Amino acid sequence: MPGPSVTPLRVALLGCGVVGTQVARLLLEHGEDLAARAGAPLELVGIAVRNAAVQRDSAIPRELLTEDAETLVSGADIVIEVMGGLEPARTLLLRAIDGGAAVVTANKALLAEDGPTLYKAADAAGVDIYFEAAVAGAIPIVRPVRESLAGDHVRRVLGIVNGTTNYVLDQMASGGLSFEEAVKQAQDLGYAEADPTADVEGFDAAAKAAILASLAFHTRVSADDVAREGITHVTADDVAWAERTGHRVKLLAIAEQTEEGVSVRVHPALVPLEHPLANVRGAFNAVFVEADAAGPLMFYGQGAGGRPTASAVLGDVVSAARHRVLGGKGPQESVYAALRILPPDAAVTRYQVRMVVADRPGVLAQVAGALADHGVSIDTVRQAGAEPGDETGTASLLLTTHAAREASLAATVAAVRELEPVHEITSVLRVEG
Ligand SMILES: NC(=O)C1=CN([C@@H]2O[C@H](COP(=O)(O)OP(=O)(O)OC[C@H]3O[C@@H](n4cnc5c(N)ncnc54)[C@H](O)[C@@H]3O)[C@@H](O)[C@H]2O)C=CC1
Ligand SMILES: N[C@@H](CC=O)C(=O)O
Ligand code: NA
């Protein structure tokens, strides 16, 4: 335990929502252990909220609540930002840094939009900036990529980094819920962003992918550099077909370094049932990292939710506190490699295309011909003939391609759509894993 003469570190908390409430709880409940680990007591001096009169968790002392976030950050040693959004979070963090405080944030949206401004300010002020909670909630992934793998060469990062969408797809596949019902549950459970559009349209996963890619490839990658597609167009039918063909639909984040540069994308994909990612359920996340010397690494755990995320925040707070007590500083931004960011259509993937075609001889050959014209080869084909009693004269055709450039695959689908016997392209999903 630190001796009685050790000056407590003043900790300011910005935001008291799902994550903030649990951060405050852990700080207050585990005060003695945290003091022993940090080398000084961590004194929670205030919690900035929008409305101090609102009834909150019974463990939160009312006297700590303040609506004056600016004053709160000015006297702090460590500022924890869990309010989310770009502003006033950015201004408050910059004010905290300018005032000499170390900062800990869970705000992936802000980091992926304007991380360099925060890094630069922290560097100039000689203070720490930590953000483990910003990617994959409780899972230690930022620190391993930023620090543990700093001596290696990361080639690829692939995984499920959004708990809400994983929960929604899982509930659609096995819980029998509609998309809307599953999103509502994810909100009630504290997984979703304040506006769940950020989750279901892939913005949240794209922000996390940008952060991971920046760290992995020592290159500045912002949210705008990420090719992004959400899950709003994934239908219950897609989910059912996936299971029927031995797959599960997952929202994946994929960042890879090729000889040409760095490609970062977020999109739903079919993952074979035997792949470990297929069995990541609920709001859990899993991230695979492939590095030259280390080989494959896998990180798994709770990717969303107040208490798991608070765990990651507190880990960062202890690191920052140790530096205040003992000296030293965490890592700075590392973007020396400055690799080229590749356009979205340069990515290499496989497609599974489901279509309704005229049920007559020669149609498959016509479709196969359109693929061959674009240099795309077929891996598997499955045809489901008309259901008994179906008078439409159509059949469902499901084909999976071999790997090809996204540009060729997209052009192929466009050409197939124009074929006379093709009535409708019902779904196009990538296949990964
Ligand atoms: N909920 C989760 O599972 C995870 C959330 N995060 C991130 O943590 C941050 C917080 O997320 P949640 O706690 O889920 O959000 P939340 O919406 O539950 O909490 C945010 C709180 O901050 C308050 N706030 C917003 N602007 C404020 C202002 N100007 N002054 C004072 N208070 C203000 C809001 O009133 C709200 O109570 C976000 O950046 C989010 O992306 C990160 C990992 C997981
Ligand atoms: N809304 C996010 C929360 C954690 O980052 C998610 O669902 O993953
Ligand atoms: Na994390």
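Residues numbered from 1 in each chain as written. Chains lettered and ligands numbered in written order. Predicted model: local features only at pLDDT ≥ 70, side-chain atom pairs only at ≥ 80, totals over all residues. Heavy atoms only, no water.

## Thoughts on the site of ligand 1
So, step 1. Taken together, the neighbourhood of ligand 1 is formed by 22 residues, with Val18, Val19, Lys108, Glu193 and Gly305 sitting nearest.
So, step 2. A distance of 2.6 Å separates an oxygen atom of ligand 1 from a polar side-chain atom of Glu193.
So, step 3. Protein contacts shield 84% of the accessible area of ligand 1, which totals 820 Å² for the unbound molecule.
So, step 4. Residue classes in the shell around ligand 1 are distributed as twelve nonpolar, seven polar and three charged. (Near = heavy atom within 4 Å. Polar contact = N/O pair within 3.5 Å; in protein donor to acceptor, adjacent residues only side chain to side chain. Areas by Shrake-Rupley, 256 points an atom, 1.4 Å probe, with all protein chains shown as cover. Nonpolar A, V, L, I, M, F, W, Y, C, P; charged D, E, K, R; others polar.)

## Description of empty space enclosed by the protein
So, step 1. The tally for this structure, following the rule as stated, stands at seven cavities of 30 Å³ or more.
So, step 2. What lines the largest cavity is simply Tyr351, Val353, Met355, Leu371, Leu399, Thr401, Leu409, Thr412, Val413, Val416 and Ile425.
So, step 3. Elements with a contribution of two residues or more to the lining of the largest cavity: strand S13 (348-358), strand S15 (394-401) and helix H14 (406-417).
So, step 4. Counting residues per element, the lining of the largest cavity draws most heavily on H14, at four residues.
So, step 5. For the lining of the largest cavity, the per-class residue count stands at nine nonpolar, two polar and no charged.
So, step 6. Its volume calculated, the second largest cavity comes out at about 50 Å³.
So, step 7. Taken together, Val157, Leu158, Gly159, Val161, Ala209, Leu212, Ala253, Ile254, Ala255 and Val287 make up the full set of residues lining the second largest cavity.
So, step 8. Counting residues per element, the ones that place at least two in the lining of the second largest cavity are strand S7 (154-160), helix H10 (203-217) and strand S9 (247-257).
So, step 9. Split into classes, the residues belonging to the lining of the second largest cavity amount to nine nonpolar, one polar and no charged. (1 Å grid on protein atoms, 1.4 Å probe; cavity = no way out; pocket = protein on both sides within 12 Å on 5 of 7 lines; lining within 4 Å. Points joined across faces, edges and corners; volume = space filled by probe spheres on them. Helix = DSSP H or I, 4+ residues; strand = E, 2+ residues; numbered from the N terminus.)

## Side note on the layout of surface pockets
So, step 1. Within this model, the second largest pocket holds a volume of roughly 280 Å³.
So, step 2. Residue lining of the second largest pocket: 21 residues in total, with Tyr119, Ile211, Ser214, Leu215 and Glu333 positioned closest to the centre.
So, step 3. Breaking the lining of the second largest pocket down by element, the ones donating at least two residues are helix H5 (108-125) and H10.
So, step 4. Top element by residues in the lining of the second largest pocket is H5. It accounts for five residues.
So, step 5. Of the residues belonging to the lining of the second largest pocket, the class tally is twelve nonpolar, six polar and three charged.
So, step 6. Residues lining the lining of the second largest pocket come from more than one domain, with at least three contributed by each of domain 1 (9-137 + 307-326) and domain 2 (142-303). (Domains from an automatic or database assignment.)

## A look at the coordination of the sodium ion (ligand 3)
So, step 1. Looking at the sodium ion (ligand 3), one finds its protein donor set to be Glu132 (O), Glu132 (OE), Val135 (O), Gly137 (O) and Ile139 (O), positioned 2.4 to 2.6 Å from the metal centre.
So, step 2. Sequence positions of the residues that donate to the sodium ion (ligand 3) give the spacing E-x2-V-x1-G-x1-I. Just as Val135 is buried, Gly137 falls in that class too. (Donors = N, O, S within 2.8 Å, 3.2 Å for Na, K, Ca; no water. Buried < 20%, exposed > 50% of the residue type's maximum accessible area, 1.4 Å probe, protein only.)

Just distances and angles here, no functional claims.
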